[in-house]
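Fold and contact review
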Amino acid sequence: MTTPSEMTISVFAQASRLSLKALRLYDELGLLPPARVDENSGYRYYSARQLPQARLIGLLRQLGLSLNEIRAVLEASAACQPDMIWVHWTAAESQHIQRRELARYILRSLKGEPGMTQHFHVQQRFVPAQQVATVSRRLRVEELPCFIESELKSLPRRVQAGGAQIAGVPFVVYHGQVNADNDGPVEVCVPYTGPLTPTGGLTLREEPAHTEVYVTLTKAQFTFPGILDAYDATSAHASAHGECGALSPREVYPHLSS
């Protein structure tokens, strides 16, 4: 059967395997405007040449791309489009693996099975009081890695540019959970000595003397949700010694001390 050069929205919907609702939405967003709109009736008419793009949009939606991500793919050159889709799929696979491991963690907890805490060497140390320069932010979980990485690099430079000296390793304090329902806040801290004027969102405060229970992690162990076992191990140790809950959870980054 010969495909007509111009199709009504109903015919185009059937040929493209997209719903009428989706086609109207894609028109409103400028992703797939009709080839022609009748001035008198307002009817939308599509060209057969638009079918490949319509089907691509439908497939990308099934792949999980957002409408903004689809727009970026459509506006990119043909040479760049495969790489953009591959980057999305790689991220989706990584997220799937993360969710699978989180499901295993939850199932172990519900079944009362022992976790992986026995693999950690839990230690304890005393940390004296110290002055810290900090940056805090409330953020979504997807923003967390970029925020921490950026501030761990920039904050020590800002402290030194202000004339103070770095006096310890940087660390991150979680004053609240960061997940689908909670946004922290999260505080990146750098110990310092010497005079320092807080500018550009910088906060100065004293970190009180305290005792920390901690474990040392490899890079592989540091990823979520595997890191939950490390938190469980330190929490169990602190609870056993009657000291749990004195501090907000924190992550220390000694490899950034130089």
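A quick note: this is a predicted structure, and the numbers were derived from the prediction, not measured.

Let us look at a nonpolar patch on the surface. Nonpolar side chains collect at one region of the surface, where Ile106, Leu107 and Leu110 lie side by side and expose about 310 Å² of accessible area between them. With respect to the helices and strands, the residue leucine 107 is situated in helix H5 (residues 81-111).

This next bit is on unusual backbone geometry. The phi torsion of most residues other than glycine is negative, and most of the peptide bonds are trans. The peptide bond linking glycine 184 to proline 185 adopts the cis configuration, its omega dihedral lying at 10°. Note that proline 185 resides in the loop between strand S7 (171-174) and strand S8 (186-193). Note the cis peptide between phenylalanine 224 and proline 225, where omega equals 5°. Looking at the secondary structure, you find proline 225 in the loop between strand S10 (210-214) and helix H7 (227-240). Positive phi, normally seen in glycine, also occurs at arginine 17, with a value near 65°. On the secondary structure map, arginine 17 appears in the loop between helix H1 (9-16) and helix H2 (20-28).

We now examine the nonpolar core. Leu144, Phe147, Ile148, Val172, Tyr174, Val186 and Leu196 are the most contacted members of the largest nonpolar core, which totals 20 residues. If you list the elements that add at least two residues to this core, you get strand S5 (130-137), helix H6 (144-161), S7 and S8. Considering each element in turn, this core owes the most residues, six residues, to H6. In contact with leucine 144, other than residues within four places in its own chain, are Leu139, Tyr174, Val178 and Val186.

Let us now look at the sheet that holds strand S2 (residues 36-37). Pairing is antiparallel in the open sheet, where three strands are placed in the order S1-S3-S2. Both edges of this open sheet fall to strand S1 (6-8) and S2, since each of them pairs with a single strand only. One ladder, built from two bridges, connects S2 with strand S3 (residues 44-47); its direction is antiparallel. Bridging from a neighbouring strand, arginine 36 pairs with tyrosine 45 of S3.

This next bit is on the environment of tyrosine 192. With respect to the helices, strands and loops of the structure, tyrosine 192 is situated in strand S8. Taking C-alpha positions, tyrosine 192 is 6.9 Å from glycine 168, a pair spaced 24 residues apart along the chain. Setting aside chain neighbours within four positions, we find tyrosine 192 in contact with Gln131, Val132, Ala133, Val159, Ala164, Gln165, Ile166, Ala167 and Leu204.

Per the counting criterion, the structure on display carries two aromatic pairs. Aromatic side chains phenylalanine 12 and tyrosine 46 sit 4.4 Å apart centroid to centroid with 10° between the ring planes, which places their arrangement in the stacked category. With phenylalanine 12 in helix H1 and tyrosine 46 in strand S3, this residue pair connects regions lying 34 residues apart in the sequence. Here phenylalanine 12 and tyrosine 46 have matching classes, each one buried. The lysine or arginine in question, arginine 125, covers the ring of tyrosine 214, its NZ or CZ lying 3.8 Å from the ring centre.

Those places that UniProt annotates as "domain: HTH merR-type" (unreviewed entry) correspond, in this numbering, to residues 6-76. Helix makes up 54% of residues 6-76 and strand 13%. Its end C-alpha atoms lie 26 Å apart.

What counts and what doesn't
Residues numbered from 1 in each chain as written. Predicted model: local features only at pLDDT ≥ 70, side-chain atom pairs only at ≥ 80, totals over all residues. Heavy atoms only, no water. Patch = residues over 30% accessible without salt bridge, like charges linked within 9 Å, V, L, I, M, F, W, Y side chains within 5 Å. Areas by Shrake-Rupley, 256 points an atom, 1.4 Å probe, with all protein chains shown as cover. Salt bridge = Lys/Arg side-chain N within 4 Å of Asp/Glu carboxyl O. Helix = DSSP H or I, 4+ residues; strand = E, 2+ residues; numbered from the N terminus. Core = buried A, V, L, I, M, F, W, Y, C linked by side-chain atoms within 4.5 Å. Buried < 20%, exposed > 50% of the residue type's maximum accessible area, 1.4 Å probe, protein only. Contact = heavy atoms within 4.5 Å. Pairing = 2+ DSSP bridges. Phe/Tyr/Trp six-rings, centres within 6.5 Å; stacked < 30°, edge-to-face > 60°. Lys NZ or Arg CZ within 6 Å of the ring centre and 35° of its normal. UniProt positions renumbered as here; feature names shortened; annotations may be inferred.

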